[in-house]
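# Structure at a glance
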Amino acid sequence: MSEMTRAESEALLRSVEELRGEVAAVREDADRLRRLPDPIAKALVERSFYRVLMPRELGRLGADPVTHLKMVEAFSAMDGSVGWNFAIGSGTGLLAGFVRPAAPRASSTAATA
């Protein structure tokens, strides 16, 4: 399994920071809706943030645990619900490395909401 380089980790964290303005813009909506607003949910999916821990061998980022925790911290500093949602949603990617090879490939290419 290949490891994420420092430059890749830093680029990923910058990508998280790029969402700060979008998160701030819908923060009140999140409280009112009692769920993640659609623009934020869509941004997390489009940037493959939920798949950040899936192995590189499956065509994903294969982020290391420290980078992942820094991402959780950054999202949580923006808004606790975004951090919580990202932590739960992305954490399942860890399991992809432990199932038979064909299964994660099929699920990693499936349409997501």
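To start, this report covers the structure provided alongside it. (Residues numbered from 1 in each chain as written. Predicted model: local features only at pLDDT ≥ 70, side-chain atom pairs only at ≥ 80, totals over all residues. Heavy atoms only, no water.)

## Quick notes on the packing of aromatic side chains
- Scanning the entire structure with this criterion turns up three aromatic pairs.
- On the basis of an interplanar angle of 70° and a centroid distance of 5.6 Å, the ring pair of Phe49 and Phe75 is categorised as edge-to-face. Remark: Phe75 occurs in helix H5 (residues 65–78) and Phe49 occurs in the loop between helix H4 (38–46) and H5; sequence separation between them is 26 residues. Taken as a pair, Phe49 and Phe75 share a single burial class, namely buried.
- Ring geometry for Phe75 versus Phe86: centroids 5.0 Å apart, planes at 50°, classification tilted. Taken together, the residues span a long stretch of sequence, with Phe75 in helix H5 and Phe86 in helix H6 (residues 80–91) at a distance of 11 residues.
- One aromatic cluster is present, built from ring pairs that chain together Phe49, Phe75 and Phe86. (Phe/Tyr/Trp six-rings, centres within 6.5 Å; stacked < 30°, edge-to-face > 60°. Helix = DSSP H or I, 4+ residues; strand = E, 2+ residues; numbered from the N terminus. Buried < 20%, exposed > 50% of the residue type's maximum accessible area, 1.4 Å probe, protein only.)

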